[in-house]
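The primary structure of each chain is shown beneath.
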Amino acid sequence: MIVPIFLILISLLFLVMWGWIIQIFISNVQIKKKIDELINQPLTLEQKEELDNLQLDLDTNAYRAKNAKRVVLVFAALYLIASIVIIWMNSRYQLFTYEGLLSNLKLTMLIIVLFFTPGYIGLEIISNTEGASGDITSRLKFTEELKPGEEVEV
């Protein structure tokens, strides 16, 4: 009875996590598209502020993904430790048959391989986006302070 509930919960967690990763990735692509549109034209002061806000959004998404990577690593480590504890307890107290131990270890490793590893890779891709402000700022050169409504050459 516990295995179907466990599998449903793991499946829901998998779907929520990947939904979040894909949503952030799509958001980053849209933000980068807007930034490229803004960079390829003369900017007013309002557009420069919008560009700064877009850079901040991109950097915020990368920061969130970096923190989420730590959570994924902690849970993967917990599952790995749990499998080691299961092996140790079985060797000491004979809690499981060989087949029961093997099925528990397979389930634990399946969760790590199918859930945490792709999640970590997806978060790594997001956290290493070129959202670093230096890339965008290096393409913009401002020589003097602008007044609202004034244009500048890029």
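Heads up: the structure comes first, above all this text.
Residues numbered from 1 in each chain as written. Predicted model: local features only at pLDDT ≥ 70, side-chain atom pairs only at ≥ 80, totals over all residues. Heavy atoms only, no water.

Colleague: So, the packing of aromatic side chains: which residues are in play, and what are the values?
Modeller: One pass over the structure, following the stated rule, counts 3 aromatic pairs. Their ring planes at 50 degrees and their centres at 6.5 Å tell us that Phe14 and Trp18 sit as a pair that is tilted. Of the two residues, Phe14 and Trp18 are both situated in helix α1 (residues 2-39); the distance of 4 residues between them amounts to about one turn of the helix. Residue classification places Phe14 among the partly exposed positions, given a relative accessible area of 29%. Given the relative accessible area of 22%, Trp18 is considered partly exposed. An angle of 85 degrees between the planes, with centres 6.3 Å apart, marks the rings of Trp88 and Tyr93 as edge-to-face. (Phe/Tyr/Trp six-rings, centres within 6.5 Å; stacked < 30°, edge-to-face > 60°. Helix = DSSP H or I, 4+ residues; strand = E, 2+ residues; numbered from the N terminus. Buried < 20%, exposed > 50% of the residue type's maximum accessible area, 1.4 Å probe, protein only.)

Colleague: Before we move on, could you go through helix α2 (residues 45-93) and cite the residues and values that matter?
Modeller: The terminal C-alpha atoms of α2, which comprises 49 residues, lie 71 Å apart, in line with the 72 Å expected from a rise of 1.5 Å per residue. Looking at the residues trailing α2, positive phi occurs at Gln94, about 55 degrees. (Expected span 1.5 Å × (residues − 1).)

Colleague: Give a description of a nonpolar patch on the surface that names residues and reports values.
Modeller: Together, Ile81, Val85, Trp88, Met89, Tyr93, Leu95 and Phe96 make up a nonpolar patch on the protein surface, roughly 660 Å² of accessible area in all. Mapped onto the elements, Val85 comes out in helix α2. Overall, Val85 belongs to the partly exposed group, its relative accessible area being 37%. (Patch = residues over 30% accessible without salt bridge, like charges linked within 9 Å, V, L, I, M, F, W, Y side chains within 5 Å. Areas by Shrake-Rupley, 256 points an atom, 1.4 Å probe, with all protein chains shown as cover. Salt bridge = Lys/Arg side-chain N within 4 Å of Asp/Glu carboxyl O.)

Colleague: How would you summarise the nonpolar core if you had to cite specific residues and measurements?
Modeller: Grouped together as the largest cluster of nonpolar side chains are 15 residues, with contacts concentrated most on Tyr79, Ile111, Phe116 and Leu123. With 6 residues, the top contributor of residues to this core is helix α3 (residues 98-127). Other than its neighbours up to four places away in sequence, Tyr79 contacts Phe6, Ile10, Thr108, Ile111, Ile112 and Phe116. Counting 8 residues, the second largest nonpolar core, distinct from the first, contains Leu38, Ile39, Leu54 and Leu58. (Core = buried A, V, L, I, M, F, W, Y, C linked by side-chain atoms within 4.5 Å. Contact = heavy atoms within 4.5 Å.)

Colleague: Any chance you could break down α3 for me, citing the residues and the numbers?
Modeller: An ideal rise of 1.5 Å per residue puts 44 Å on 30 residues; α3 measures up with 42 Å between its terminal C-alpha atoms. The largest bend in α3 is about 25 degrees, located at Ile112. Taken together, the buried positions of α3 are occupied by Leu101, Leu105, Thr108, Ile111, Ile112, Phe115, Phe116, Gly119, Gly122, Leu123, Ile126 and Ser127. (Bend = angle between axes of the 7 residues up to and from the residue.)

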